[in-house]
Amino acid sequence: MICAFVTTIRSKSIVPASKTVCTRLSIENLSDILNFLFQQYLFIHLCTHHDTMKNDRRQFLNQMSLMAGIAVLSKPMASAAAIGKRINTLCASGTNVTIYHTNDLHGNLGGLNQIKTLLEKEETAGLILDAGDFLNSSHSLQQQKQVICAMNTIGYHTAAIGDEELSLGQDHLASLVPLMRFNLVNCNYGFNTELSKHIKPYVIIHSGKFKIGITGVGHQVEGVTYRDAITSANQIAGMLKEKGKCDLVICLSHLGYWQAGDKPDNLKLAAQSEHIDMIISDHNHKLLSGPAIKLNKLKQEVIISCTAWDGLMMNRTIFGFENGKQKSNMRSKHFITGQPYGQTFADAFSSLKSIEKLRVSA
Ligand SMILES: [Zn+2]
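Here we look at the overall build of the protein
No. 1: A tally of regular secondary structure across the protein gives 10 helices and 18 strands.
No. 2: Residue burial in the protein is summarised as follows: out of 362 residues, 46% are buried.
No. 3: In the protein, the share of contacts with a sequence separation of at least 24, taken over all contacts with a separation of at least 6, comes to 76%.

Written out as structure tokens, the structure reads:
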């Protein structure tokens, strides 16, 4: 029976304790040069104390981030008040990390608008992530820019690259990246153009005392050098946990929930992983009523979560920690962004299921 789709688990995973590095929302690319760049980091970090940041300063920080391997987040919601709420809540969160995520938005501005409305009603701020195909390659350049603008306004922090982002070529995507106030992550593609400068293999975001490592993978796409997605994701995740001391590692995976044969998918990635806590899936347009909880190589839980396409759904997942930084529980809730007032979630979900069937049979 379909009900509230709120899932809580007790986790067996032990997350190693790591030192508290900063108390403000910030993001960094971990590398061997981090210590050397720490002074620059402090400088940039101090800049984020302003809730509103002028474009020229943001531009400056973006340039700094490229030079230093460190990016800074100052993500607007719809208003300055909302920005304050988001950052303060992230910082004030002593025991929880909250993640909102979407996938396969396909440049649907109506869906993005509904996501924005839904997030504005949420009392708990959090990271906002996307698992790729947020653009629609059949749209005009102007429409694609509008989608990026809408994602900036919502305050997306990080997105994976899907085939839709790459289908018009590397140069096309490279021309759009400067408009994005969110990071693009991927660790298994090789680019032979300007685009390589814009894609990060991972980012680390500080939320209160917690460090969240985020990487991304995708399937084979024409014109892009492909490395094995599962091997690449595991290498980065291991580094993020062990060297980066991340409390949580998230893989934004555009591999799809399930693929036939040996083709990598998110079920295989979960089973063969050791350090990934959560896989935000999709590409398949698979409609799950809640997160799939799988076991990794070490018999620890890995969460696979994906929502509906076109911004019709969004998920909120909250990881709880206790005894300092030991991951202890997870709560997950799917939202149907345009759910009519008075309609139950179950009814709205079964309507989506019928659309899914039509899509599958089309
Ligand atoms: Zn796709």
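Describing the environment of Leu 255
No. 1: Note on placement: Leu 255 falls in the loop between strand S13 (248-253) and helix H9 (266-271).
No. 2: Put simply, Leu 255 and Gly 218 are 37 residues apart on the chain and 5.2 Å apart in space, counted from C-alpha to C-alpha.
No. 3: Leu 255 has contacts with Val 217, Gly 218, His 219, Ala 229, Pro 264, Asp 265, Asn 266, Leu 269 and His 283, leaving out every residue within four places of it along the chain.

Points about helix H5 (residues 141-154)
No. 1: Helix length check: H5 (14 residues) gives 20 Å between terminal C-alpha atoms against 20 Å at 1.5 Å per residue, within 8%.
No. 2: Two residues or fewer after H5 comes Gly 155, characterised by a positive phi angle close to 100°.

Re the nonpolar core
No. 1: The biggest cluster of nonpolar side chains holds 77 residues, and the ones touching the most others in it are Ile 212, Ala 233, Ile 250 and Leu 252.
No. 2: Among the elements that take part in this core, helix H8 (residues 229-242) stands out by supplying 6 residues, more than any other.
No. 3: Every residue in contact with Ile 250, bar those within four places of it in the chain, is listed here: Leu 129, Ile 212, Ile 214, Asp 277, Met 278 and Ile 280.

Here we look at unusual backbone geometry
No. 1: Non-glycine residue His 106 carries a positive phi angle of around 55°.
No. 2: With respect to the helices, strands and loops of the structure, His 106 is situated in the loop between strand S4 (96-102) and helix H4 (109-121).
No. 3: Not every positive phi belongs to a glycine, and Asp 133 is a case in point at roughly 65°.
No. 4: Along the chain, Asp 133 turns up in the loop between strand S5 (127-130) and H5.

Focus on the packing of H4 against H5
No. 1: As a packed pair, H4 and H5 sit with axes 10 Å apart at the nearest point and diverge in direction by 5°. One finds that H4 runs roughly parallel with respect to H5. Of H5, the residues touching H4 (which contributes Leu 109, Leu 112, Ile 115, Lys 116 and Leu 119) are Gln 146, Val 147, Ala 150, Met 151, Thr 153 and Ile 154.

Concerning the pairing of S13
No. 1: Across the 6 residues of S13, 6 count as buried, placing the element largely inside the fold.
No. 2: With burial as the criterion, each face of S13 is covered, one bearing Leu 248, Ile 250 and Leu 252 and the other bearing Val 249, Cys 251 and Ser 253.
No. 3: Bridging between S13 and strand S14 (residues 278-281) involves 4 bridges; their strand directions are parallel. Looking across to S14, one finds that Leu 252 is bridged to Ile 280.
No. 4: Handedness of the β-α-β unit built from S13, H9 and S14 comes out right-handed.

Notes on the pairing of S4
No. 1: The element S4 is largely enclosed, with a buried count of 5 among its 7 residues.
No. 2: Bridge analysis of S4 against strand S17 (residues 313-322) gives 6 bridges, and the strand direction is antiparallel. Bridge assignment links Asn 96 to a residue of S17, and that residue is Gly 320.
No. 3: In the classification by handedness, the crossover that spans S4, the intervening H4 and the parallel S5 is right-handed.

Quick notes on H4
No. 1: Helix length check: H4, at 13 residues, gives a terminal C-alpha distance of 19 Å against a target of 18 Å (1.5 Å per residue), a fit within 8%.
No. 2: Every buried residue belonging to H4 is among Gly 111, Leu 112, Gln 114, Ile 115, Leu 118 and Leu 119, and all of these are buried. Summarising the axial view, the buried residues of H4 lie within an arc of 160°, below the 170-degree limit, and thus occupy one face. Turned more than 90 degrees from where H4 packs its buried face, Gly 110 and Lys 121 sit exposed.
No. 3: Tucked inside the fold, the buried residues of H4 contact S4, H5, S17 and strand S18 (326-336).

Concerning the environment of Met 278
No. 1: One can find Met 278 in strand S14.
No. 2: C-beta crowding within 10 Å serves as the criterion here: with 26 such atoms nearby, Met 278 is assigned to the buried category.
No. 3: Separated by 13 residues in sequence, Met 278 and Pro 291 place their C-alpha atoms 9.8 Å apart.
No. 4: Apart from residues no more than four positions distant in its own chain, Met 278 is found in contact with Ile 250, Ile 303, Ser 305 and Thr 317.

Things to note about the environment of Ser 281
No. 1: With respect to the helices, strands and loops of the structure, Ser 281 is situated in strand S14.
No. 2: Sequence separation between Ser 281 and Ala 160 is 121 residues; the distance between their C-alpha atoms is 9.9 Å.
No. 3: Among all residues touching Ser 281, those that are not within four sequence positions of it are Asn 103, Ala 131, Ser 253, Tyr 257, Asn 266, Ile 304, Ser 305 and Cys 306.

Parameters at a glance
- Residues numbered from 1 in each chain as written.
- Predicted model: local features only at pLDDT ≥ 70, side-chain atom pairs only at ≥ 80, totals over all residues.
- Helix = DSSP H or I, 4+ residues; strand = E, 2+ residues; numbered from the N terminus.
- Buried ≥ 20, exposed ≤ 12 C-beta atoms within 10 Å, placed from the backbone.
- Contact = placed C-beta atoms within 7 Å.
- Expected span 1.5 Å × (residues − 1).
- Core = buried A, V, L, I, M, F, W, Y, C linked by C-beta atoms within 7 Å.
- Axes fitted to C-alpha atoms, helices over the stretch in contact; angles between N-to-C directions.
- Parallel < 35°, antiparallel > 145°, perpendicular 65-115°, else oblique.
- Pairing = 2+ DSSP bridges.
- Right-handed = clockwise from strand over helix to strand, strands pointing away.
- Arc of directions from axis to C-beta.

Don't take any of this as a statement about function, it's just geometry.
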